[in-house]
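# Coordinate analysis (summary)
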Amino acid sequence: MISSRQPLRLAILEAERMLSAAGVDSPRVDAELLAAHVLGVERGRLPLIPLVDPPVIEALHKLVRRRALREPLQHITGWSAMGAISVSVGPGVFVPRPETELLFEWALSVLPDAPPVIIDLCTGSGVLALSLANARPDARVYAVERSSSALSWARRNADERRAAGDTPISLLSGDACDPTLLSDLDGSVDLVVCNPPYVPEGTDVQPEVGVHDPHEAVFSGADGLDVIRCVVSAAARWLRPGGYVGIEHDDTHGSSVPSLLAARRVLTDVQGHKDLAGRPRFATARKA
Ligand SMILES: C[S@@+](CC[C@H](N)C(=O)[O-])C[C@H]1O[C@@H](n2cnc3c(N)ncnc32)[C@H](O)[C@@H]1O
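So, a few notes on the structure that sits alongside this text. (Residues numbered from 1 in each chain as written. Predicted model: local features only at pLDDT ≥ 70, side-chain atom pairs only at ≥ 80, totals over all residues. Heavy atoms only, no water.)

### Describing the packing of helix α1 (residues 8–21) against helix α2 (residues 27–39)
It is the contact of α1 with α2, at a shortest axis distance of 8 Å, that shows an interaxial angle of 130°. Overall, the two elements α1 and α2 adopt an arrangement that is oblique. At the point where α1 passes α2, the crossing takes the right-handed sense. Across the interface between the two elements, Leu-8, Ile-12, Leu-13, Ala-15, Glu-16, Leu-19 and Ser-20 from α1 touch Pro-27, Arg-28, Asp-30, Ala-31, Glu-32, Ala-35 and Leu-39 from α2. A class-by-class count of the residues in the contact of α1 with α2 yields nine nonpolar, one polar and four charged. (Axes fitted to C-alpha atoms, helices over the stretch in contact; angles between N-to-C directions. Helix = DSSP H or I, 4+ residues; strand = E, 2+ residues; numbered from the N terminus. Parallel < 35°, antiparallel > 145°, perpendicular 65-115°, else oblique. Left-handed = near helix turned anticlockwise from the far one by under 90°. Contact = heavy atoms within 4.5 Å. Nonpolar A, V, L, I, M, F, W, Y, C, P; charged D, E, K, R; others polar.)

Pasting the structure below:
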């Protein structure tokens, strides 16, 4: 009997070719992640599946066509990971990026042993707040977001993490530029983290970003620093002496964000941090 099953390896190669022709940045990785999504397995297990049925090939082609139109991979699979958790994402919320994992790791490294108080400003899907709450169940974590559509994704993710047994976070609708935001926490916070919108208005961006990420999640004024200026002020007010702030920024902000932090007399130990490609990615400081 002739089998109609086909080699998965060839289907992935064809998907990679289509994605590469469409200008997708990492065609091989995306082709494999889509195949893993269709098969319901982890990407690392794909080599264990030599042959697949025609409906699997068809389903993969459908998803590859969406990705080739530059729909974000995470909108197609429905999730994005950070630390030990993943969060649900889709239209209306910023897709968490792998670079932010560096800010998350730094944040864990500066938390005190005693139960910490943490604020995640511009929380989007809630990914930083929820991954910190997962890694530090003793922490009191506040997450602030201005967009109502992002907030509903964050709420859904917070509910899912609570159901999975994580310590609940406090999710707030608020503006990072409101000088009265969470003023009852002034002088008592151990860590402020923020991955804000930071791209200068008018910058050319990839279709995944320009079409699918919410505008207010990406752009922030002519120099990209509008929200970051507010975050620096808020952190200076909230932190306890010895507390830390970490802010992700554009790779063109390698000196401007450290300068904004250094301009606050109450902040000290200002440091710039690079990503794995050597580009300036986030800046940190400590309250004197
Ligand atoms: C780059 S996204 C980051 C989301 C999330 N922290 C992450 O790493 O995936 C920035 C988020 O900040 C929110 N935002 C923009 N301006 C804000 C403001 N003034 N106050 C609070 N949130 C704001 C956007 O709606 C968006 O969800």
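Still to come is the rest of the account.
### Section: the site of the ligand
Near the ligand there are 19 residues, and of these Cys-122, Glu-145, Asp-175, Ala-176 and Asn-195 occur at the shortest range. Arg-146 places a polar main-chain atom, nitrogen or oxygen, 3.4 Å from a nitrogen atom of the ligand. A distance of 2.8 Å separates an oxygen atom of the ligand from a polar atom in the side chain of Asn-195. The fraction of the free accessible surface of the ligand (590 Å²) that becomes covered by protein chains is 98%. Here the shell around the ligand is composed, by residue class, of nine nonpolar, six polar and four charged. (Near = heavy atom within 4 Å. Polar contact = N/O pair within 3.5 Å; in protein donor to acceptor, adjacent residues only side chain to side chain. Areas by Shrake-Rupley, 256 points an atom, 1.4 Å probe, with all protein chains shown as cover.)

### As for the layout of surface pockets
The volume enclosed by the second largest pocket comes to roughly 150 Å³. If you go around the second largest pocket, the residues you meet are Leu-8, Arg-9, Ile-12, Arg-28, Glu-32, Arg-43, Leu-46, Pro-47, Ile-49 and Pro-50. At the level of secondary structure, the elements contributing two or more residues to the lining of the second largest pocket comprise α1 and α2. With three residues, α1 is the single largest residue contributor to the lining of the second largest pocket. Residue composition of the lining of the second largest pocket, grouped by class: six nonpolar, no polar and four charged. (1 Å grid on protein atoms, 1.4 Å probe; cavity = no way out; pocket = protein on both sides within 12 Å on 5 of 7 lines; lining within 4 Å. Points joined across faces, edges and corners; volume = space filled by probe spheres on them.)

### Some words on the state of the cysteines
If you walk through the whole model with that rule in mind, you get one disulfide. Across a sulfur-sulfur distance of 2.0 Å, Cys-177 and Cys-230 are joined as a disulfide pair. Its S-S torsion of about 95° marks the bond between Cys-177 and Cys-230 as right-handed, since a negative value means left-handed. Placement of the pair is Cys-177 in the loop between β7 (170–173) and β8 (189–194) and Cys-230 in helix α10 (residues 226–238), with a sequence separation of 53 residues. In this structure Cys-122 is a free cysteine whose sulfur lies 3.9 Å from that of Cys-194, the closest cysteine sulfur available. Under the relative-accessibility criterion, Cys-194 is labelled buried at 0%. (Disulfide = S-S within 2.5 Å. Buried < 20%, exposed > 50% of the residue type's maximum accessible area, 1.4 Å probe, protein only.)

### Let's talk about the pairing of β7
Across four bridges, the pairing between strand β6 (residues 140–145) and β7 is parallel. Its bridge partner lying in β7, Ala-143 is registered against Leu-171. In this fold, the crossover linking β6 to β7 by way of helix α7 (residues 148–163) has right-handed handedness. (Pairing = 2+ DSSP bridges. Right-handed = clockwise from strand over helix to strand, strands pointing away.)

### Brief notes about the nonpolar core
Ile-119, Leu-121, Leu-182, Val-189, Trp-238, Val-245 and Leu-261 are the most contacted members of the largest nonpolar core, which has 33 residues in total. Among the elements that line this core, the one with the most residues is α10, at seven residues. What Val-245 contacts, discounting residues up to four positions off in sequence, is Trp-106, Val-192, Ala-235, Leu-239, Leu-261, Ala-283, Thr-284 and Ala-285. (Core = buried A, V, L, I, M, F, W, Y, C linked by side-chain atoms within 4.5 Å.)

### A word on unusual backbone geometry
With a phi angle near 50°, Leu-182 is a residue other than glycine that sits in the positive phi range. Note that Leu-182 resides in the loop between β7 and β8. Phi is positive for Asp-269, close to 50°, though the residue is something other than glycine. Looking at the element boundaries, Asp-269 is found in strand β10 (residues 267–274). Judged by its relative accessible area of 39%, Asp-269 falls in the partly exposed class.

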